[in-house]
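As a plain string of letters, each chain reads:
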Amino acid sequence: MTHATPTVVWLSPSATAFSCLCEPCLEAARRSGAIFADALRDASVRGSVAAEASVAVVRCAAGHELVLRRVERPPGLAHPDERQLQLA
């Protein structure tokens, strides 16, 4: 059995709560032709995280693993896209 790579959610240093979307759930909804609003609702993951935690693992309602990582700033993209907002 192959295990999918978990979704990584980047948290700011002061975050004590998070809200994100589970990428595998969104992909499953896309493949099944689900209504977009339903896909967003079903893929939504929210919760709290201890202020001192640098890494935490949570699961969506479907059981997919999401890794919460606390960093000053997420790493840059391997292939930057000029269409993306650039922060200096």
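For the structure, check the block above.
Values in this document were obtained by computation on a predicted structure and should not be read as measured data. Per chain, the residues get numbers from 1 upward, laid out in the order the sequence is written. Two thresholds apply to this predicted model, a pLDDT of at least 70 for residue-level local features and 80 or more for giving and counting side-chain atom pairs, whereas whole-chain, interface and lining totals are computed over all residues. Excluding hydrogens and water, the side-chain values take into account all heavy atoms of the structure.

Observations regarding the packing of helix 1 (residues 23-32) against helix 2 (residues 36-43)
Across the interface, helix 1 lies against helix 2 with an axial gap of 9 Å and an inter-helix angle of 155°. Looking at the two axes, helix 1 sits roughly antiparallel to helix 2. For the crossing formed where helix 1 meets helix 2, the hand is right-handed. Of the residues in helix 2, those in contact with Cys 25, Leu 26 and Ala 29 of helix 1 are Ala 39, Leu 40 and Ala 43. Split by residue class, the contact of helix 1 with helix 2 holds 6 nonpolar, no polar and no charged. To obtain an axis, a line is fitted to C-alpha atoms, over the contacting stretch when the element is a helix, and the angle between two such axes runs from 0 to 180 degrees between their N-to-C directions. Numbered from the N terminus, helices here are DSSP runs of H or I no shorter than four residues, and strands are runs of E no shorter than two. Any angle from 65 to 115 degrees is called roughly perpendicular, while one under 35 is roughly parallel, one over 145 is roughly antiparallel, and all others are oblique. Handedness of a crossing follows from how the near helix is turned relative to the far one, being left-handed for an anticlockwise turn of less than a right angle and right-handed for a clockwise one. Any two residues whose heavy atoms approach within 4.5 Å at even a single point are treated as in contact. Residues are grouped as follows: nonpolar covers Ala, Val, Leu, Ile, Met, Phe, Trp, Tyr, Cys and Pro; charged covers Asp, Glu, Lys and Arg; every other residue, Gly included, is treated as polar.

A look at the pattern of salt bridges
Each reported salt bridge corresponds to a side-chain nitrogen of Lys or Arg within 4 Å of a carboxyl oxygen of Asp or Glu. A complete count under the given rule lists 5 salt bridges for this structure. Arg 41 is paired through a salt bridge with Asp 38; the nearest N and O atoms lie 3.2 Å apart. Of the two residues, Arg 41 and Asp 38 both sit in helix 2, 3 residues apart, roughly one turn of that helix. Only protein chains enter the accessibility calculation, which uses a 1.4 Å probe; a residue is then buried when its area is under 20% of its type maximum, exposed when over 50%, and partly exposed in between. Assessed through its relative accessible area of 55%, Arg 41 is described here as exposed. In this structure, Glu 65 engages Arg 59 in a salt bridge whose closest nitrogen and oxygen atoms are separated by 3.3 Å. We classify Glu 65 as partly exposed; its relative accessible area is 30%. Connected through salt bridges with shared partners, the residues Glu 27, Arg 30 and Arg 31 form a single ionic network.

Things to note about the sheet that holds strand 4 (residues 55-59)
Here we have 3 strands laid out as an open sheet, ordered 1-5-4, and mixed in their pairing. One side of each edge strand has no neighbouring strand; the edge strands of this open sheet are strand 1 (7-11) and strand 4. Across this sheet, the average inter-strand angle for adjacent strands is 25°, counted without regard to direction. The sheet contact formed by strand 1 and strand 5 (residues 65-70) spans 5 bridges and is parallel. Paired with Leu 11 across the two strands is Arg 70, which belongs to strand 5. Here, any two strands with at least 2 DSSP bridges between them count as paired.

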